[in-house]
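# Overview (structure and organization)
For reference, the chains in residue letters:
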Amino acid sequence: QVNSNRLVTKYRGRDQIEVDFKDMRGILELERILYQKPERIDTYVFLKVIALYVLAFMRSYAQSEGVKTTEKKIQESMGDMLLVETTLEPLGRKVYSIARDTDLNKLFRKEFSLPDPYALIKVMNEVENSKMKGYIQTWYDMWLEERRI
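Below: a short report on this structure. (Residues numbered from 1 in each chain as written. Predicted model: local features only at pLDDT ≥ 70, side-chain atom pairs only at ≥ 80, totals over all residues. Heavy atoms only, no water.)

This part is about the overall build of the protein chain. Of regular secondary structure, the protein chain possesses 6 helices and 2 strands. On C-alpha atoms alone, the protein chain measures out to a radius of gyration of 25 Å, which is more than a quarter above the 15 Å that the 2.2 N^0.38 rule sets for 149 residues. Here the C-alpha coordinates of the protein chain stretch approximately 100 × 45 × 30 Å along the principal axes. The buried share of the protein chain, taken over its 149 residues, is 17%. When contacts within the protein chain are restricted to residue pairs at least 6 apart in sequence, those whose partners lie at least 24 apart make up 46%. By element, 57% of the accessible surface of the protein chain is carried by carbon and sulfur atoms, the whole surface being about 11900 Å². Distance from the positive charge centre (25 side chains) to the negative charge centre (23 side chains) of the protein chain: 3 Å. (Helix = DSSP H or I, 4+ residues; strand = E, 2+ residues; numbered from the N terminus. Rg over C-alpha atoms; globule rule 2.2 N^0.38 Å. Buried < 20%, exposed > 50% of the residue type's maximum accessible area, 1.4 Å probe, protein only. Contact = heavy atoms within 4.5 Å. Areas by Shrake-Rupley, 256 points an atom, 1.4 Å probe, with all protein chains shown as cover. Lys, Arg positive; Asp, Glu negative; His and termini not counted. Charge placed at Lys NZ, Arg CZ, Asp CG, Glu CD.)

Written as structure tokens, this is what we have:
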């Protein structure tokens, strides 16, 4: 004999399974596969499933750290981070920065020893700083030429 409360709980859990399955299909993005050879399709699907396992592990880890999230949010968070290049006029000097870096991304970089994009940004900006004398000289030469005309 089944307890009625337990039966209702299991029945309501059915909806969550359907939601989870729908989320999984969305994360895997298997609606359109461009490959035609069966072995390439198998490899593609295999890699997508591995990616899903990695995302599930990352979600589980984040939750153990007190961060409530989903696989989809992790995927979007990591995919939304941008390297921004800005040109400072009139010198034409480039400056680099990061946009849309979330606390979730920072947590994963710290805990999994992933490369820090800010270190790359620092190097790129140092390279541009080393060219500053050339930028100023070019700008000054253009300014002098405009004055002659």
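In an α-helix, one full turn covers 3.6 residues, which means residues spaced three or four apart are oriented alike. Taken residue by residue, helix α4 (residues 103-111) has L104, N105, L107, F108 and R109 as its buried positions. Looking at the buried positions of α4, the neighbouring elements they touch are α2 (38-64), α3 (71-80) and α5 (117-130). Backbone geometry just downstream of α4 places S113 in the positive-phi region, at approximately 50°.

A separate point is the nonpolar core. In this structure, I27, L28, L52, L55, M58, Y61, A62, I74, L104, L107 and F108 together form the largest nonpolar core, which totals 11 residues. Residue assignment for this core shows that the elements contributing at least two residues are α1 (4-28), α2 and α4. Examining the composition of this core, we find that 5 residues originate from one element, α2, more than from any other. Each residue touching M58, except ones within four places of it in the same chain, is listed here: I74, M78, F108 and F112. (Core = buried A, V, L, I, M, F, W, Y, C linked by side-chain atoms within 4.5 Å.)

The sheet contact formed by strand β1 (residues 82-88) and strand β2 (residues 93-99) spans 7 bridges and is antiparallel. Across the sheet, the residue bridging to E85 is Y96, located in β2. Here β1 hands over to β2 after 4 residues, with G92 in that stretch at a positive phi of 75°. (Pairing = 2+ DSSP bridges.)

Helix length check: α2 (27 residues) gives 39 Å between terminal C-alpha atoms against 39 Å at 1.5 Å per residue, within 8%. Of the surrounding elements, those touching the buried residues of α2 are α1, α3 and α4. (Expected span 1.5 Å × (residues − 1).)

In this section: unusual backbone geometry. A positive phi angle is found at R100, which is not glycine, with a value near 65°. A positive phi angle, close to 50°, is found at S113, a residue other than glycine. Its relative accessible area of 67% is what places S113 among the exposed residues.

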